[in-house]
Amino acid sequence: MVKPLTKRQKDGLLYARRASVEAAIDLAQTQDLETLRSRLRITDCGADEYLQTEVLVHLMRDARRGMNAQLMDALFPALLKRCESNLLASVSDDGLATAGDVREEILGQFGEMFAEDGLGDNSDKLDYFECSFNSAFRALRVDAVRKEIARLQHLQQLPDEREERSETDDEVLSRISKSYRTPGTQEVNQLGRRLWQRICALPREERRAVVLCHLLGYEVESEDPSRVTAETLCGVTGRTIRARLSRAAAKLAKFEQEG
Amino acid sequence: MSQNRSAATLSDALYELSLAQRVPDAPLLDEFVRQYPEYADDLTDFAIMLAVDSLREVSQSNVPRTDLAEDELSPTVSRAMSRFYNRLHAVQSSEDISGQKSASANEISPNPFATLDRAAFRVLAEKLNVNNVFVIKLRDRQIVPETIPKRFANHLAQELRIPPDILMGHLHALGQPQIQGQYYKAATKPQLDAKQTFSEAVKTSGLTDEQQRFLLAM
């Protein structure tokens, strides 16, 4: 029986591992080091003997608590290699000028989390990674990337004068909404990757306007003062939001024309 | 609920948001902003980046790399391992200083690596023809002293500018004193003897083939 996680959700419920992860941990804990090493060499995530990353995180935490140097040396490089593969695909050099530094920082932060596991504010933060590794690692990665983008992009306080929107602008924004709501097809994924790079390249305020209104589905503004809108979230008028959308759409349309 | 609120950090709120739904939407963000109004701006920014991120096809975490040999570590992974070991050393040292556990006579043996700053640490690794991970294992007494070739031990003592017997005293001191006290949470008793032989350490530290051949020939 694997020890339950201690991290709680905002409604007070405990996070829990998937049943398949619990069963895999139970099995792995009965296996010797050589067996685990051979399982770590399996890279096909569909194979029966493949060690799920959530399981790997649990075993590594256990090894660190027990200061089992041999086990840590077997598990940790394998875990970090998987993370690095994820980062090479998700924080690509063509999307961010300092991608290499960001990848290294994320991986370093992740490594330090194991050293601090069980201590202070980080006592059970790795519970998230045992619950859903991909979602937790995405949080770590996206938070690091957003901070880096904010650091690189000096806030551009451009005048918010342009409000007229052309048909081309609206088409671009419409495609963004469609891409977000119908993920999965190859065509949409390819479009999505390009859009991702271009939206990331927008100034922060324009990016916020586009994503809030066309991805997350917020209204620009509302007459109902209790309603959360892009206007209330950004703390500006609806007119300003529309101007930012217009400028962003023009830039995205220009990107498209340039290919 | 209020207990959870007071204990929650921004970082927790971001993890919770990411775990709550694969692709965020306005109702989810509204819910989190209501729950954590003090983090409203960061949560909004974060949700925006999650939404943008989901536009692109995210690769699985388990995609194998093909440009490295199975046992080879990239410089990025090696440096992440170094950060782990250095952080581990720091938290354990800080526990030692706080006096939250009793120290045996062995444990208070002076650590000849303690005076090395980052640059000196790197220079030492270069002079020994190893990497930081391997030096960290020596520093943290993770290698069985009897298995270290005399030639290597003498070279290490010379580079640390200490007599060989002082070095051996450090290497023989109680392995991981830090496993006692509040950090011990494992279901089974930690093993003080979970050390590596010199050759095992050589093979599992991400050293290049050339470095491994050099060290194993000693």
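What counts, and at which threshold
- Residues numbered from 1 in each chain as written.
- Chains lettered and ligands numbered in written order.
- Predicted model: local features only at pLDDT ≥ 70, side-chain atom pairs only at ≥ 80, totals over all residues.
- Helix = DSSP H or I, 4+ residues; strand = E, 2+ residues; numbered from the N terminus.
- Buried ≥ 20, exposed ≤ 12 C-beta atoms within 10 Å, placed from the backbone.
- Contact = placed C-beta atoms within 7 Å.
- Core = buried A, V, L, I, M, F, W, Y, C linked by C-beta atoms within 7 Å.
- pLDDT = per-residue confidence, 0-100.
- Axes fitted to C-alpha atoms, helices over the stretch in contact; angles between N-to-C directions.
- Left-handed = near helix turned anticlockwise from the far one by under 90°.
- Nonpolar A, V, L, I, M, F, W, Y, C, P; charged D, E, K, R; others polar.
- Parallel < 35°, antiparallel > 145°, perpendicular 65-115°, else oblique.
- Expected span 1.5 Å × (residues − 1).

## Details of the overall build of chain B
Within chain B, the secondary structure is distributed over 11 helices and 0 strands. In chain B, the order of α-helices and β-strands from amino to carboxyl end is α-α-α-α-α-α-α-α-α-α-α. For chain B, with 218 residues in total, the buried portion stands at 33%. Taking as baseline every contact in chain B between residues at least 6 positions apart, the subset at least 24 positions apart corresponds to 66%.

## Some details on the overall build of chain A
From N to C terminus, chain A includes 12 helices and 0 strands. Listed N to C, the secondary structure of chain A is α-α-α-α-α-α-α-α-α-α-α-α in terms of helices and strands. Sequence separation of 24 or more characterises 59% of the internal contacts of chain A that already satisfy a separation of 6 or more.

## Let's talk about the nonpolar core
Core analysis: the biggest nonpolar cluster contains 104 residues, and A:Met60, A:Leu75 and B:Leu43 have the highest contact counts within it. Top contributing element to this core by residue count: helix 4 (residues 69–90) of chain A, with 10 residues. The residues touching B:Leu43, leaving out its near neighbours within four places in the chain, are B:Ala13, B:Leu17, B:Leu29, B:Phe32, B:Val33 and B:Tyr36.

## Here's the deal with the confidence of the model for chain B
Residues and elements named next belong to chain B. For chain B, per-residue confidence averages 76 on the pLDDT scale, and residues scoring 70 or more make up 72% of the total. Per-element averaging of pLDDT across chain B places helix 1 (residues 2–7) at the bottom with 43 and helix 2 (residues 10–20) at the top with 94. A low-confidence stretch, residues 1–7 (pLDDT under 50), is modelled with 4 contacts involving residues beyond four sequence positions or located in other chains. Segment residues 176–193 is flagged for pLDDT under 50; beyond a separation of four residues in sequence, or across chains, it makes 31 contacts in the model. We note a pTM of 0.68 for the whole complex and an ipTM of 0.81 for its interfaces.

## Brief notes about helix 2 of chain B
Within helix 2 of chain B, the full set of buried residues consists of B:Asp12, B:Ala13, B:Leu14, B:Tyr15, B:Glu16, B:Leu17 and B:Ser18. For helix 2 of chain B, the secondary structure elements touched by its buried residues are helix 6 (127–131) and helix 7 (133–152) of chain A together with helix 3 (26–35) and helix 4 (40–53) of chain B.

## Here we look at the packing of helix 2 of chain B against helix 4 of chain B
Residues and elements named next belong to chain B. Look at helix 2 against helix 4: their axes get within 11 Å of each other, and the N-to-C directions meet at 35 degrees. Read as a crossing pair, helix 2 and helix 4 show a hand that is right-handed. Contact with helix 2, carried on its side by Leu10, Ala13, Leu14, Leu17 and Ser18, involves Asp42, Leu43, Phe46, Ala47 and Leu50 of helix 4 and no other residues of that element. Class assignment of the residues belonging to the contact of helix 2 with helix 4 gives a composition of 8 nonpolar, 1 polar and 1 charged.

## Let's talk about the packing of helix 7 of chain A against helix 2 of chain B
The N-to-C vectors of helix 7 of chain A and helix 2 of chain B enclose an angle of 125 degrees; their axes lie 8 Å apart at closest approach. Relative to helix 2 of chain B, the element helix 7 of chain A lies oblique. Seen from above, helix 7 of chain A lies across helix 2 of chain B with right-handed handedness. Contacts between helix 7 of chain A and helix 2 of chain B pair A:Ser135, A:Ala136, A:Arg138, A:Ala139 and A:Asp143 from the former with B:Leu14, B:Tyr15, B:Ser18 and B:Leu19 from the latter.

## Section: the environment of A:Arg39
All names here are of chain A. By the secondary structure assignment, Arg39 is in helix 2 (residues 33–40). A C-alpha to C-alpha distance of 6.0 Å links Arg39 and Tyr50, two positions 11 residues apart in sequence. Residues contacting Arg39, with those up to four places away along its chain left out, are Glu49 and Leu51.

## Looking at the confidence of the model for chain A
All names here are of chain A. Per-residue confidence for chain A gives a mean pLDDT of 85; residues scoring 70 or more make up 84%. Mean pLDDT across the secondary structure elements of chain A bottoms out at helix 9 (residues 186–201), with 66, and peaks at helix 6, with 97. Throughout residues 155–163 the model reports pLDDT below 50, and contacts reaching past four residues in sequence, or to other chains, amount to 13 contacts.

## A closer look at unusual backbone geometry
Here the phi dihedral of A:Met67 falls at roughly 50 degrees; this positive angle occurs in a residue that is not glycine. Counting through the fold element by element, A:Met67 comes out in the loop between helix 3 (53–65) and helix 4. One non-glycine residue with positive phi stands out, namely B:Asn129, at about 60 degrees. Tracing the chain through its elements places B:Asn129 in the loop between helix 6 (118–127) and helix 7 (132–139).

## A word on helix 5 (residues 99–115) of chain A
Counted at 1.5 Å a residue, the expected span for helix 5 of chain A with its 17 residues is 24 Å, and the 25 Å between its end C-alpha atoms agrees. The set of residues buried in helix 5 of chain A consists of A:Arg103, A:Ile106, A:Leu107, A:Gly108, A:Phe110, A:Gly111, A:Phe114 and A:Ala115.

## As for the environment of A:Arg239
Residues and elements named next belong to chain A. Mapped onto the fold, Arg239 is located in helix 12 (residues 238–258). For Arg239, a count of 13 C-beta atoms within 10 Å translates into the label partly exposed. Taking the C-alpha atoms as reference points, Arg239 and Glu221, 18 residues apart in sequence, are found 8.9 Å from one another.

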